[in-house]
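# A structural walkthrough
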Amino acid sequence: MSAGSERILRLRVTGMTCASCVGRVERALSSLPGVSRAEVNLATESARIAGTPDIAAVLERLAETGYPAAEEETALSVTGMTCASCVGRVERALRAVPGVTAASVNLATETATIRHAAVPDLPARLIVAIAEAGYQAEPRGGRTEDARAEEKSREIADLGRQTLIAGALTLPVFVLEMGSHLIPAMHDLVMTRIGMWQSWVLQFVLTTLVLAGPGRRFYRLGLPALAKRAPDMNSLVAVGTLAAWGFSVVSTFAPGLLPPGSAAVYYEAAAVIVTLILLGRFLEARAKGRTGAAIARLVGLQPRTARVERDGAVSDIAIESIRQGDIVHVRPGERIPVDGAVIRGDSFVDESMITGEPVPVEKAEGAEVTGGTVNGTGALVFRATRVGRDTMLAQIIRMVQDAQGAKLPIQGLVDRITLYFVPAVMAAALLTLVVWLAIGPEPRLSHALVAAVAVLIIACPCAMGLATPTSIMVGTGRAADMGVLFRKGDALQSLHEVGVIALDKTGTLTEGRPELVALDLAPGQDEETVLRLVAAVEAASEHPVAAAIERAARGRGLDLPQATGFRSHTGFGVSATVEGRAILIGAERLMTREGVTLGALSEQATARARKGQTVLFAAIDGKAAALIAVADRLKPSTPEAIAALKRMGLRVAMITGDGRATADAIAAELGLDQVVAEVLPDGKVAALHDLRAGGARLAYVGDGINDAPALAAADVGIAIGTGTDVAIESADVVLMSGDLRGVVNALEVSRRTIRNIRENLFWAFAYNVALIPVAAGVLYPVTGLLLSPVLAAGAMAMSSVFVLSNALRLRRIRPLMAELPRPGGGGGQTRLAPAE
């Protein structure tokens, strides 16, 4: 092998930790046939292989050695696919490329997602493989959403134009032929004014124009696919229409070649089939455009320009030019361009397009704002913190795209069937032709042709290919409108199978921070005075309970005096002097130690502790003044959300690190089915296994870093969107709102979408199972009628339109738990909305 014939293969290699690993990998690679030398670099974790190695053998050897090649994911946009068999063909072509470990193609989104070894030139080879299979591909990020939308619009307009041309040319053919069959007067008119042969010639000219013009796309794609022994829907149409046209041409210009009495023309069948299928494609393209409306809406949320302050001057710049750290000005009513933190101004911001919550959120200095949300009546100035692909809106768009492009487990059956479906249909059409020629009544050839063409046309598997992905697109898009993001598409199917919902407490069921819930006074004390003095002491403490008491006082507008002599009594409480009065705050043991008599407050403390509240006491000048009860309040929507989950037939459990008394108190208040208390963060996964007893599928809802392992271990992990990034990354579903209503809505979307998919699959399969025998002529001995290829084409086109229309019904899903603004604004109340 000369040096000139060598090629260089570069791979990233994982698992290497030392020089001996490098030597082991180099020896393993050097021993492969065709490898002249192998150089491995530990620092860059890469291998450089020279020679003519077989990439599949290289990857296999690395895996055997224990240092597998790194993998990456490539997303491609694929055009030219028309049915489920196209999907199977593209997937097979991609999986045949050395280095590819998995490939998934989605007909509705026209995308391919490929998992493969991290080889630099492999993505380009994937595009070539798709082209060799007869389709076109490009990197998914190669064009903007606007460019893709514009191309789709042009495609729809072109299909509409071609359908009109085909219809205009087909109408005279249909009237001449079918009118003569159905209306005796029309037959007489054609015979006397035009003549039968002249009518056939006119039909030949018009039909040929239809097939060579608007119908050319079927032959350009279908015949090469047939030649490659990989027929698709276009092949079925091409063979069927050419058979009808060819038989008619022979009948018109060389009838002597046919058995006596069998000469007949089927120009109208060929022309109408092309026209109807074009019409179906046009309606299908329009409907598919509507299935992607959620992405279009999300993209439309981002403004094109922003007012940015640089070097003391404010000017309008393109949003793509905004850099992290830029100062951005937003006027009243404008849409916020990127994520950031407010540095000046205050306003209310409508975040409903992100969270699904209709109530505007107050923003002031230090508050975070999200790109795509709408500013209210105030002006805001903020510092950009996340721009471009890092903004929350961009991440949401990617999540929705990934979910829409996913392939659910239920799709596996469809893929296996459609892989062999088109060849089976062609075999069935051939069998139909042979049977009719063998035992059919005269004119046999004519009857055989009609039946075979009808079988070819009616069995196109378009509806099968669209049944699942269109429902996923519409369902996940509607979920995004409601503030529910399916990060992983298969969660859409898994969620509807869930029988147990396990909930974290802090931050999920509750607000996540303690609040003052009661101030029980000793006789002779004034509430405002006690709260003012106690809060003045607690203002000097950083404890969460102290912060809750201070917030409550400031929330009432109390002016807090300065505390002096502040002292912390570890494990007991705090003390200080305020306005000359000695203030003591802490647990009962502190009061006992200091000789403070609690009296009736002690009994009240026992009752409040049973409710899961944290109890403290306050003493002023050595006398008991008040019992202070602090608790992490339940979110306002939690009780109704739990009730709704139970009405949906789910078992609801809570997992918490709180003590048994607190946990039982919350469980009793909410009516939970099961409580797992006093669980350490690393014990949550074990708790999930216990809750799965009996084989029930389980969803876990959480928001914190300590919830990440449980979110990953559950069958479906649901993260509260207001939680940590670690929790969100570990979850399958993300709720943009901060409460449990999103769980109810996510379940509703999942159940409705899976039901819709099953309806689509039933009708798609039932249609083919029922109508292929009818097209073949099984009813002819009873009725004397054959299914016309024209009717077959109409039924085939309408089956796809039916599936798409059924999927689009998911756009009408309403939140099962909707929030209504309270009178006067400022918050919301939850109600149960009827589902459509």
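The coordinates are above.
Residues numbered from 1 in each chain as written. Predicted model: local features only at pLDDT ≥ 70, side-chain atom pairs only at ≥ 80, totals over all residues. Heavy atoms only, no water.

## Considering the overall build of the protein chain
- For the protein chain, the count of helices and strands is 31 helices and 31 strands.
- Taking all 836 residues of the protein chain together, 53% fall into the buried category.
- Put simply, of all contacts in the protein chain between residues at least 6 apart along the chain, 68% involve residues at least 24 apart.
- With the model as given, the accessible surface of the protein chain reaches about 36,200 Å², and the carbon-plus-sulfur share is 57%. (Helix = DSSP H or I, 4+ residues; strand = E, 2+ residues; numbered from the N terminus. Buried < 20%, exposed > 50% of the residue type's maximum accessible area, 1.4 Å probe, protein only. Contact = heavy atoms within 4.5 Å. Areas by Shrake-Rupley, 256 points an atom, 1.4 Å probe, with all protein chains shown as cover.)

## Considerations on the packing of helix α8 (residues 216-227) against helix α9 (residues 233-253)
- Interaxial distance between α8 and α9 falls to 7 Å at its minimum, and their mutual angle equals 105°. When the axis of α8 is compared with that of α9, the two are roughly perpendicular. Every residue of α9 that contacts α8 at F218, Y219, L221, G222, L223, A225 and L226 is listed here: N234, S235, V237, A238, V239, T241 and L242.
- Of the residues assigned to the contact of α8 with α9, the class counts are ten nonpolar, four polar and no charged. (Axes fitted to C-alpha atoms, helices over the stretch in contact; angles between N-to-C directions. Parallel < 35°, antiparallel > 145°, perpendicular 65-115°, else oblique. Nonpolar A, V, L, I, M, F, W, Y, C, P; charged D, E, K, R; others polar.)

## A word on helix α3 (residues 84-95)
- The terminal C-alpha atoms of α3 lie 17 Å apart, and with twelve residues this matches the ideal 16 Å at 1.5 Å per residue to within 8%.
- When you tally the buried positions in α3, you get ten out of twelve residues, the bulk of the element. (Expected span 1.5 Å × (residues − 1).)

## Concerning the packing of helix α1 (residues 19-30) against helix α2 (residues 55-65)
- Here α1 crosses α2 at 140°, and the two axes come no closer than 10 Å. As α1 runs across α2, the sense of the crossing is right-handed. Judged by residue contacts, R24, V25, A28 and L29 of α1 engage V58, R61, L62 and T65 from α2.
- In terms of residue class, the contact of α1 with α2 is built from five nonpolar, one polar and two charged. (Left-handed = near helix turned anticlockwise from the far one by under 90°.)

## Quick notes on the environment of T170
- Structurally, T170 is set in helix α5 (residues 145-182).
- Residue classification places T170 among the buried residues on the basis of a relative accessible area of 5%.
- Sequence separation between T170 and L209 is 39 residues, and the spatial gap between their C-alpha atoms is 9.4 Å.
- Those residues within four positions of T170 in sequence are excluded, and the remaining contacts are V210, A271, V272 and T275.

## Section: unusual backbone geometry
- Of note, the phi angle at E579 is positive, near 50°, even though the residue is not glycine.
- Position of E579 among the secondary structure elements: in the loop between β21 (573-578) and β22 (581-586).
- In this structure, D621 is a non-glycine residue whose phi angle is positive, near 55°.
- You can see D621 is positioned in the loop between β23 (614-620) and β24 (623-634).

## Examining the sheet that holds strand β16 (residues 380-386)
- One open sheet accounts for six strands, arranged β9-β8-β10-β16-β11-β14; its pairing is antiparallel. Strand pairing shows two members of the sheet lacking a second neighbour, β9 (313-318) and β14 (368-369), which therefore form its edges.
- Pairing of strand β8 (residues 305-310) with strand β10 (residues 327-330), which is carried by three bridges, proceeds in the antiparallel orientation. By the bridge assignment, V308 is partnered in β10 with V328. (Pairing = 2+ DSSP bridges.)

## Thoughts on a nonpolar patch on the surface
- Together, L171, F174 and V175 make up an exposed nonpolar region whose accessible area comes to about 250 Å².
- Looking at the secondary structure, you find F174 in helix α5. (Patch = residues over 30% accessible without salt bridge, like charges linked within 9 Å, V, L, I, M, F, W, Y side chains within 5 Å. Salt bridge = Lys/Arg side-chain N within 4 Å of Asp/Glu carboxyl O.)

## Some remarks on the pattern of salt bridges
- In total, this model carries 26 salt bridges according to the counting rule given.
- Residues E594 and R593 are paired through a salt bridge, measuring 3.3 Å at the closest nitrogen-oxygen approach.
- The class for E594 is partly exposed, based on a relative accessible area of 43%.
- Residue classification places R593 among the partly exposed positions, given a relative accessible area of 44%.
- Several salt bridges share partner residues, and in doing so they unite R37, E39 and R48 into one network.

## Thoughts on the nonpolar core
- Residues L29 and I501 are the most contacted members of the largest nonpolar core, which totals 145 residues.
- A total of 14 residues in this core trace back to one element, the largest contributor, which is helix α29 (residues 741-776).
- Beyond its immediate chain neighbours, meaning those up to four positions away, L29 contacts V35, A38, V40, A47, I49, V58 and L62. (Core = buried A, V, L, I, M, F, W, Y, C linked by side-chain atoms within 4.5 Å.)

## Focus: α1
- The first and last C-alpha atoms of α1 sit 16 Å apart over twelve residues, in line with the 16 Å expected at 1.5 Å per residue.
- When α1 is considered as a whole, its buried residues turn out to be C21, V22, G23, V25, A28 and L29.
- For α1, the secondary structure elements touched by its buried residues are β2 (35-41), β3 (46-51) and α2.

## What to know about the packing of aromatic side chains
- Counted by the stated rule, this structure contains seven aromatic pairs.
- Note on F204 and W245: the rings are 6.2 Å apart at their centroids and 25° apart in plane angle, and the pair reads as stacked. Placement of the pair is F204 in helix α7 (residues 196-212) and W245 in helix α9, with a sequence separation of 41 residues.
- F204 sits in the partly exposed class, given a relative accessible area of 21%. (Phe/Tyr/Trp six-rings, centres within 6.5 Å; stacked < 30°, edge-to-face > 60°.)

## Overview of the sheet that holds strand β1 (residues 7-12)
- One open sheet accounts for three strands, arranged β1-β3-β2; its pairing is antiparallel. Of all strands in the sheet, those bounded by a partner on one side alone are β1 and β2. For this sheet the average axis-to-axis angle between neighbouring strands, irrespective of direction, equals 15°.
- As paired elements, β1 and β3 share six bridges and run antiparallel to each other. Opposite R10, over in β3, you have R48 as the bridge partner.
- Along the sheet, α1 contacts β2 and β3; its crossing angle with β2, the most-contacted strand, is approximately 160°.

## Observations concerning the pairing of strand β28 (residues 716-720)
- Of all five residues in β28, five are buried; the element is thus mostly enclosed.
- Along β28, one buried face is formed by V716, I718 and I720 and the opposite face, lined by G717 and A719, is buried too.
- In this structure, strand β27 (residues 698-702) lies alongside β28, joined through four bridges in parallel fashion. When the bridges of β28 are listed, V701 appears paired with I718.

## Digging into the side chain of K505
- Along the polypeptide, K505 turns up in helix α19 (residues 505-509).
- In contact with K505, not counting residues within four places along its chain, are T510, D632, M654, I655, T656, D658 and I666.

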